[in-house]
Amino acid sequence: MSEPPWDRILRDRSERVVRHWPAESARADGEADRSGWLILTDRRLLFVRRGGWRARAQDAESPDVTLPLESIRQIEARPFQMRIGYGDRVVIPGIAIDGHAFRLPRETPAEEVRFVLEQAARSRRSGSDRSPT
C-alpha cells in the first residue's frame, strides 16, 4: 500500500505524524469495508481512505474518522472474522476505538497499536507534549 498523501491530510504545518498503520474500516452495517490508514499525529487519530482509481481527489483531504487524542476513552484490541471463499472464515487482528472498528494486517500486532494509542491519548490528556515513538 502506498504512503498517505501527508500534504493533503495535514492542513496545520505544526501538526506532525507520529505513526501510521494500514487498516480497513470494519463496518457492521453491511456497507463495503474501506482500505486506508490509521494515522496518529501529535494531536489526533485519523482514518483516511486509500484512493483507488475511482477515488475523488478530496477523499484524501477529508478523513472518514477524526478523533482528538484527549477525547479517546476506549481502545480495545480485538479479533475479527473475515469470510473467505463460500463459507470459510479466518480470524485477523483488529482494534476498536470509541465505537470505530478497524481490521489490521496480520503482520501488525493489535496489542502494539492499542498500547501506542493509549499512551498517546494519556499523554495528550495530561498535557504532555511527549509523543510515543
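Residues numbered from 1 in each chain as written. Predicted model: local features only at pLDDT ≥ 70, side-chain atom pairs only at ≥ 80, totals over all residues. Heavy atoms only, no water.

Draft legend 1. Structural view of the overall build of the protein chain. Across its full length, the protein chain holds 2 helices and 9 strands. The helix and strand sequence of the protein chain, counted from the amino end, reads α-β-β-β-β-β-β-β-β-β-α. For the protein chain, the proportion of its 133 residues judged to be buried stands at 38%. Long-range contacts, defined as pairs at least 24 residues apart, comprise 44% of the intrachain contacts of the protein chain with a sequence gap of at least 6. Working note: accessible area of the protein chain is about 8100 Å², and carbon and sulfur atoms make up 46% of it. (Helix = DSSP H or I, 4+ residues; strand = E, 2+ residues; numbered from the N terminus. Buried < 20%, exposed > 50% of the residue type's maximum accessible area, 1.4 Å probe, protein only. Contact = heavy atoms within 4.5 Å. Areas by Shrake-Rupley, 256 points an atom, 1.4 Å probe, with all protein chains shown as cover.)

Draft legend 2. How the structure looks around helix 2 (residues 110-125). Taking 1.5 Å as the rise per residue, helix 2 with 16 residues should run 22 Å; its terminal C-alpha atoms sit 22 Å apart, in good agreement. In this structure, the buried side of helix 2 is in contact with strand 1 (17-25), strand 2 (34-41), strand 3 (44-49), strand 5 (75-77) and strand 8 (94-97). The positive-phi residue at the C-terminal boundary of helix 2 is Gly127, with phi of around 85 degrees. (Expected span 1.5 Å × (residues − 1).)

Draft legend 3. Unusual backbone geometry, seen in detail. In this structure, Asp98 takes a positive phi of about 45 degrees despite not being glycine. Positionally, Asp98 belongs in the loop between strand 8 and strand 9 (100-103).

Draft legend 4. Inspection of the pairing of strand 8 at higher detail. The alternating pattern of strand 8 places Gly94 and Ala96 and Ile95 and Ile97 on opposite faces, both of which are buried. Pairing analysis gives 3 bridges linking strand 5 to strand 8, with the strands arranged antiparallel. By the bridge assignment for strand 8, Ile75 is matched with Ile97. Bridging between strand 8 and strand 9 involves 4 bridges; their strand directions are antiparallel. Across the sheet, residue Ala96 finds its bridge partner in strand 9, namely Ala101. Counted between consecutive antiparallel strands, the loop separating strand 8 from strand 9 contains 2 residues, among which Asp98 sits at a positive phi close to 45 degrees. (Pairing = 2+ DSSP bridges.)

Draft legend 5. Region of interest: the packing of aromatic side chains. Enumeration over the complete set of coordinates arrives at 1 aromatic pair. A centroid spacing of 5.1 Å and a plane angle of 40 degrees characterise the contact between Phe47 and Phe102, whose relative ring orientation is tilted. Of this pair, Phe47 sits in strand 3 while Phe102 sits in strand 9; the two residues are 55 residues apart in sequence, bridging distant segments of the chain. Among the residues examined, Phe47 registers a relative accessible area of 1% and is labelled buried. (Phe/Tyr/Trp six-rings, centres within 6.5 Å; stacked < 30°, edge-to-face > 60°.)

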